[in-house]
Amino acid sequence: MKKFTVISVYNNRQLLQNCLNSSVESQVDVDVELKYVDNSDGRYPNAKVAFESVLDNCMGKYIVFSHQDIRFMEDDELHNIFDRLEKIGDFGIVGVAGVNGRDIISNIYHGVTPSKVSDYNITEETLCETVDECLFIIKNEAKYIDIFKNLICDSWHMYAVEFCLRCRQLSEKVYVIPANIYHVSPGSSYDESYYTQLKKIAKKYKGSFERINCTMGYWHTGTLRLWNQIRNRRRKDIRNGTLKH
């Protein structure tokens, strides 16, 4: 069995090659299976459907879900991540950027001009509430594959967040780990489907969680408070030009 299957849905082959693919191919001391899902023609309506197109055929012990514009900055990064996952052992999902309360926890850099995602850096695995979609890892086991397949998420947003919420309902642990990774995107631009997805997830999980804290915001699950938050955030995002129409 290979140590990892790395899955990425891409719409820009050159970006994929320059970032994720080239850095994965340079990794040492680790056997990696690559599964790239071509969505350059928009054939997949959402991330869940795209990932599910290859999920049942993964051969790695761990499955890495990655954006196309992720770069591993050291040639032994996946080797080190594998050792860290083996050390943790008991987890539902592991990410490289996560949230506890209003604290974003991450060692990675992002943006065209690289900057730290957070000043809250870590030196070891750290329990958190949710992790970001840019890169996260699950075990290649039926239990976790089934969690993914049963997500209600039907957009390109919040599928990792929902996976975290479901894990926590099942008393599965959510971790963020230190990683030397660069994410080209600053992660600040998104569209209306984010808010549509947020409302659906809040409705489903409000019986278990009063808040959904994630890297894109800190949201109440109660309907009125959530809608007020969304209205205020939308106005701000439109002014700042970070909300796509």
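To be clear, the structure that these remarks concern was listed above.
Residues numbered from 1 in each chain as written. Predicted model: local features only at pLDDT ≥ 70, side-chain atom pairs only at ≥ 80, totals over all residues. Heavy atoms only, no water.

Caption draft 1: Molecular detail of the sheet that holds strand 4 (residues 70–72). In space, the four strands of this open sheet follow the order 4-14-8-9, with mixed pairing throughout. Sheet topology places strand 4 and strand 9 (115–116) at the edges, where each strand pairs with a single neighbour. By the bridge criterion, two bridges tie strand 8 (residues 109–110) to strand 14 (residues 181–183) in an arrangement that is parallel. Looking at strand 14, one finds that His110 is bridged to His183. (Pairing = 2+ DSSP bridges. Helix = DSSP H or I, 4+ residues; strand = E, 2+ residues; numbered from the N terminus.)

Caption draft 2: Summary view of the nonpolar core. Ranked by size, the top nonpolar core spans 32 residues in total, and within it Ile93, Ile138 and Phe163 carry the most contacts. Breaking this core down by element, the ones donating at least two residues are strand 1 (2–10), helix 2 (47–55), strand 3 (60–66), strand 12 (135–139), helix 4 (142–149), helix 5 (159–169) and strand 13 (174–176). Once residues within four sequence positions are removed from consideration, Ile93 is found in contact with Val131, Phe136, Ile137, Ile138, Ala160, Phe163, Cys164, Cys167, Lys173, Val174 and Tyr175. In this structure, Tyr62, Phe91, Ile108 and Ala179 belong to the second largest nonpolar core, which totals 27 residues. (Core = buried A, V, L, I, M, F, W, Y, C linked by side-chain atoms within 4.5 Å. Buried < 20%, exposed > 50% of the residue type's maximum accessible area, 1.4 Å probe, protein only. Contact = heavy atoms within 4.5 Å.)

Caption draft 3: Inspection of the state of the cysteines at higher detail. Within this structure, the stated rule accounts for zero disulfides. For Cys164, which is in no disulfide, the shortest distance to another cysteine sulfur is to Cys128 and amounts to 6.3 Å. With no disulfide of its own, Cys214 has Cys164 as its nearest cysteine by sulfur position, at a separation of 9.8 Å. Classification of Cys214 by relative accessible area gives buried; the value is 2%. (Disulfide = S-S within 2.5 Å.)

Caption draft 4: A look at a negative patch on the surface. On the surface, Asp29, Glu74, Asp75 and Asp76 cluster together into a negatively charged patch. The topology assignment puts Glu74 in the loop between strand 4 and helix 3 (77–88). Owing to a relative accessible area of 39%, Glu74 belongs among the partly exposed residues under this scheme. (Patch = residues over 30% accessible without salt bridge, like charges linked within 9 Å, V, L, I, M, F, W, Y side chains within 5 Å. Areas by Shrake-Rupley, 256 points an atom, 1.4 Å probe, with all protein chains shown as cover. Salt bridge = Lys/Arg side-chain N within 4 Å of Asp/Glu carboxyl O. Lys, Arg positive; Asp, Glu negative; His and termini not counted. Charge placed at Lys NZ, Arg CZ, Asp CG, Glu CD.)

Caption draft 5: Representation of the sheet that holds strand 10 (residues 126–127). Spatially, seven strands are ordered 2-1-3-12-5-13-10 in an open sheet, and the strand pairing comes out mixed. Strands at the two margins of the open sheet, each flanked by one partner only, are strand 2 (32–38) and strand 10. Inspection of the sheet shows strand 5 (residues 93–95) paired to strand 13 by three bridges, in the parallel sense. Bridge assignment links Gly95 to a residue of strand 13, and that residue is Val176. Packed onto the sheet, helix 2 meets strand 1, strand 2 and strand 3 and runs at close to 145 degrees relative to strand 1. Here helix 3 sits on the sheet and contacts strand 1, strand 2, strand 3, strand 5, strand 12 and strand 13; the angle it forms with strand 1, its principal contact strand, is near 115 degrees. (Axes fitted to C-alpha atoms, helices over the stretch in contact; angles between N-to-C directions.)

Caption draft 6: Representation of the pairing of strand 17 (residues 217–220) in the model. Here four bridges tie strand 16 (residues 211–214) to strand 17, and the two strands are oriented antiparallel to one another. Within the sheet, the bridge partner assigned to Cys214 lies in strand 17 and is Gly217.

Caption draft 7: Summary view of the packing of aromatic side chains. Taken as a whole and assessed by the stated rule, the structure comprises 13 aromatic pairs. Between Phe65 and Phe136, the aromatic rings sit 4.6 Å apart at their centres with planes inclined by 5 degrees, giving stacked as the arrangement. In this pair, Phe65 sits in strand 3 while Phe136 sits in strand 12, placing the two residues 71 residues apart along the sequence. Look at Phe65 and Phe148: their rings are 5.2 Å apart centre to centre, the planes differ by 25 degrees, and that puts the pair in the stacked class. Taken together, the residues span a long stretch of sequence, with Phe65 in strand 3 and Phe148 in helix 4 at a distance of 83 residues. The same class applies to Phe65 as to Phe148, namely buried. Counting every residue linked through ring pairs, the aromatic cluster contains Phe51, Phe65, Phe136, Phe148 and Tyr159. (Phe/Tyr/Trp six-rings, centres within 6.5 Å; stacked < 30°, edge-to-face > 60°.)

Caption draft 8: Structural view of a positive patch on the surface. A contiguous patch of positive charge, built from Arg231, Arg235, Lys236 and Arg239, is present on the exposed surface. Note on placement: Arg231 falls in helix 7 (residues 223–240). Overall, Arg231 belongs to the partly exposed group, its relative accessible area being 38%.

Caption draft 9: Local environment of the pairing of strand 1. Of all the nine residues making up strand 1, seven are buried; the element is thus mostly covered by neighbouring parts of the structure. Direction of pairing for strand 1 relative to strand 3: parallel, over a ladder of five bridges. The partner of Thr5 across the bridge, within strand 3, is Ile63. What joins strand 1 to strand 2 is helix 1 (residues 13–25), and the crossover it makes is right-handed. (Right-handed = clockwise from strand over helix to strand, strands pointing away.)

Everything listed here is a matter of coordinates, which is why it stays silent on function.
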